[in-house]
Amino acid sequence: MEGRSDTCEVDGDVRTNGTALSVTLVPTTTSSEPRREWMIRPYSRRFASLKKVTVTHLQDPATAPPCTVTHTTPAVLFAIGGYAGNYWHDYADILVPLFVASRRFSGEVVFLISNIQFKPRWLVKYKAFLHGLSRHEHIDMDADHEHVRCFPHVTVGLRLDKEFSIVPDLVPGDRRLSMADFTKFLRETYGLPRSTANKKKPRLMLIHRGHYRRILNEPEVAKAAEAAGFEVAVAELRGDTPETEQAREVNAFDVVVGVHGAGLTNAVFVPPGGVVIQVVPYGKMEHIARAEFAEPVEDMGLRYLDYSVSKEESSLMETLGPEHPAVKDPDSVHRSGWGQVFELYLAKQNVRINVTRFGPTLELALNHLRRQQ
């Protein structure tokens, strides 16, 4: 129980009960140690509101429920909940931690999943991903009322060591994994054709947002990128697009440009050596934007660049006026709490990029690609 997450590795005679959402470790003989019990939230952020798993170490094996199904493979128990459904959180909170927890088993692992009834489309969207990690069908813990399942090992909960990334030294087992391994796994799982960026005629994707944090002068930005030497396409990456289809679309580009938001999660599909340019909204949002994308993107083997929007490029100048605290004194907004920060700088702001000012950032991206082998 450290950092952001609560997790438990249970090894031995391990029995799961879906009705009670419990995991029980059964000793081979009566133990001198007293019965112990832990409550583990099976999600990588412990403050998420989810039903906890009861993990019990019995003292007397005679009190254990008998097995009705015996598995020879280990299992990982996790929940689809918390912030699942937000594309960035899908990856940062579940998919990356699940890769870390289960890759050591080389496909011989069973996923025990709770909370499915609240996010049924989640399993459809990430079906190929789950099958890439496990050769076995998942088990819906909330519907598994008839069985006590026995496993040689169960990992309860997912561990988050670094936002949207992996700390190789903290990966369980003998394999040292990195975000480069994660993106390689995605390319293999989704059959993505490109594993290196193109330096001769690089392609740039400009992510279109349909609601807030829109780039109001998209055609002008696209034209500037073309003048810089890129082949440009404006794309709207919709949440209901099949994951394989979206992965292949993004993999065809060498540079992705977008305003801070979940769409930049698609960096995981950009070929190694590519570039991600994050447009940071006005309002001293750099620390938040970089925490979610800067190091993770670099860990993937990509070049990370950001472009901070000035107040003159922000729609807040028009909607609120230059004397409003959100424009004149961003620090005061941050002091008032996250609710105000989100509402003013993320939910009510669009940007109009000064293409002359943006030019050097495009040049940095192009020069990086040209240096690739």
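Residues numbered from 1 in each chain as written. Predicted model: local features only at pLDDT ≥ 70, side-chain atom pairs only at ≥ 80, totals over all residues. Heavy atoms only, no water.

Looking at an unreviewed UniProt entry, one finds the protein chain named Glycosyltransferase 61 catalytic domain-containing protein and attributed to Digitaria exilis. Its UniProt record gives the protein chain the following Pathway (unreviewed entry) comment, quoted word for word: "Glycan metabolism." (UniProt positions renumbered as here; feature names shortened; annotations may be inferred.)

(A) Representation of the environment of Thr244 in the model. Tracing the backbone through its elements, the reader meets Thr244 in helix α6 (residues 243-251). A residue is classified by how much of its surface remains accessible, and Thr244, at 24% relative accessible area, is partly exposed. Sequence separation of Thr244 and Lys125 is 119 residues, and the distance between their C-alpha atoms is 8.8 Å. Not counting residues up to four positions away in its chain, the partners in contact with Thr244 are Ala128 and Tyr190. (Helix = DSSP H or I, 4+ residues; strand = E, 2+ residues; numbered from the N terminus. Buried < 20%, exposed > 50% of the residue type's maximum accessible area, 1.4 Å probe, protein only. Contact = heavy atoms within 4.5 Å.)

(B) Representation of unusual backbone geometry. The residue Ser106 is not glycine, and still its phi comes out positive at about 50 degrees. The topology assignment puts Ser106 in the loop between α1 (87-102) and β7 (110-114). Not every positive phi belongs to a glycine, and Arg213 is a case in point at roughly 60 degrees. Inspection of the secondary structure puts Arg213 in the loop between β10 (203-207) and α5 (218-228). Residue class for Arg213 comes out buried when judged on its relative accessible area of 7%.

(C) Region of the structure containing the side chain of Thr183. Inspection of the secondary structure assignment puts Thr183 in helix α4 (residues 179-189). There is a polar contact of 3.1 Å between the side chain of Thr183 and the backbone oxygen of Ala180. Setting aside residues no more than four positions away along its own chain, Thr183 makes contact with Val268 and Met300. (Polar contact = N/O pair within 3.5 Å; in protein donor to acceptor, adjacent residues only side chain to side chain.)

(D) Structural context of the packing of aromatic side chains. Using the criterion set out here, one finds 17 aromatic pairs in the structure. Centroid distance Trp88 to Phe164: 6.2 Å. Interplanar angle 70 degrees. Geometry classified as edge-to-face. Residue Trp88 is located in helix α1, and its partner Phe164 is located in the loop between β9 (148-156) and α4; the two are separated by 76 residues in the primary sequence. With a relative accessible area of 0%, Phe164 lands in the buried category. Note on Phe129 and Phe182: the rings are 6.0 Å apart at their centroids and 55 degrees apart in plane angle, and the pair reads as tilted. (Phe/Tyr/Trp six-rings, centres within 6.5 Å; stacked < 30°, edge-to-face > 60°.)

(E) The arrangement of the environment of Met205 in detail. Its location among the elements puts Met205 in strand β10. The buried category is assigned to Met205, whose relative accessible area is 0%. Once residues within four sequence positions are removed from consideration, Met205 is found in contact with Ala233, Ala235, Leu237, Glu249, Val250, Phe253, Val255, Val256 and Val257.

(F) Region of the structure containing the pairing of strand β6 (residues 75-79). Of all 5 residues in β6, 5 are buried, a share of seventy percent or more. With burial as the criterion, each face of β6 is covered, one bearing Ala75, Leu77 and Ala79 and the other bearing Val76 and Phe78. The pairing of β6 with β9 spans 3 bridges and is parallel. By the bridge assignment, Leu77 is partnered in β9 with Val156. As defined by bridge partners, β6 adjoins β7 across 5 bridges and the pair is classed as parallel. In the strand pairing of β7, Ala75 is matched with Val110. (Pairing = 2+ DSSP bridges.)

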